[in-house]
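Chain by chain, the residues run as shown.
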Amino acid sequence: AAEVTPVGSFLPGGVIQVPPGTTHIPAGAFAGYRRPAAAVLPCGVEEIGEGAFEGLSTLARVNLPEGLVRIGKRAFAGCTGLRILELPASITSIGDRSFEDCVLLPNIKYRGSKEQWMQIDKTWYWCGWEMTMEIVCTDGVVREDWYFPY
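Residues numbered from 1 in each chain as written. Predicted model: local features only at pLDDT ≥ 70, side-chain atom pairs only at ≥ 80, totals over all residues. Heavy atoms only, no water.

J.: Run through the pattern of salt bridges, naming residues and quoting values.
T.: For the structure on display, the rule yields 5 salt bridges. A salt bridge links Glu54 to Arg74; the nearest nitrogen and oxygen atoms lie 2.9 Å apart. Highlighted residues: Glu54 in the loop between strand S6 (47-48) and strand S7 (61-63) and Arg74 in the loop between strand S8 (70-71) and strand S9 (84-87), separated in sequence by 20 residues. Using a relative accessible area of 26% as the deciding quantity, one classes Arg74 as partly exposed. Between Arg74 and Glu100 there is a salt bridge whose closest N-O contact spans 2.6 Å. Residue Arg74 is found in the loop between S8 and S9, and its partner Glu100 is found in the loop between strand S10 (93-94) and strand S11 (107-110); the two are separated by 26 residues along the sequence. By relative accessible area, Glu100 is classed as buried at 9%. Salt bridges sharing common partners tie together Glu54, Arg74 and Glu100. (Salt bridge = Lys/Arg side-chain N within 4 Å of Asp/Glu carboxyl O. Helix = DSSP H or I, 4+ residues; strand = E, 2+ residues; numbered from the N terminus. Buried < 20%, exposed > 50% of the residue type's maximum accessible area, 1.4 Å probe, protein only.)

J.: Can you explain the sheet that holds S6? Please cite residues and give values.
T.: As summarised here, the arrangement of the 5 strands in space is S4-S6-S8-S10-S12, forming an open sheet in which the pairing is parallel. The sheet terminates laterally at strand S4 (24-25) and strand S12 (121-122), the two strands that pair on one side only. Relative to S10, S8 is paired through 2 bridges, and the arrangement is parallel. In the strand pairing of S10, Arg70 is matched with Ser93. (Pairing = 2+ DSSP bridges.)

J.: Can you explain the packing of aromatic side chains? Please cite residues and give values.
T.: Applying the stated criterion across every chain yields a total of 6 aromatic pairs. Judged by centre distance (5.3 Å) and plane angle (65°), the rings of Tyr110 and Trp117 are edge-to-face. Note on Tyr110: relative accessible area 3%, which makes it buried. The structure contains a cluster of three or more aromatic residues connected by ring pairs, namely Phe30, Phe53, Phe76, Phe99, Tyr110, Trp117 and Trp126. (Phe/Tyr/Trp six-rings, centres within 6.5 Å; stacked < 30°, edge-to-face > 60°.)

So this is what it looks like as structure tokens:
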């Protein structure tokens, strides 16, 4: 049986299922869930709130639909098991430290061009303080490095 929450269901097998018709995932929506392996977000989700999936260390993959425009601060921070992430071309804003400590994420696939990637509103530490990330765009790779000078 699924555990139903105000935002969605936590299905057997460790899948967070957000129901169709959801447009906003509130801040901290899934923080504290135990052992999720994946999250499936339906078309129509436009915004992921601050810390919505923060600290879900077993979360390995997330399906982010086309139409998503904003990822809030620390939305996936501490998802240390995250290995697969694909961002839609519709993204216009990525909050501070959204992917901090996602240490197993080798790259992020982006369904837009390098030029589109550079137009996204994001801080220079959107992925954390000391991290290198390759963004695999439709027309090549963008490499971003962040190192805080102590």
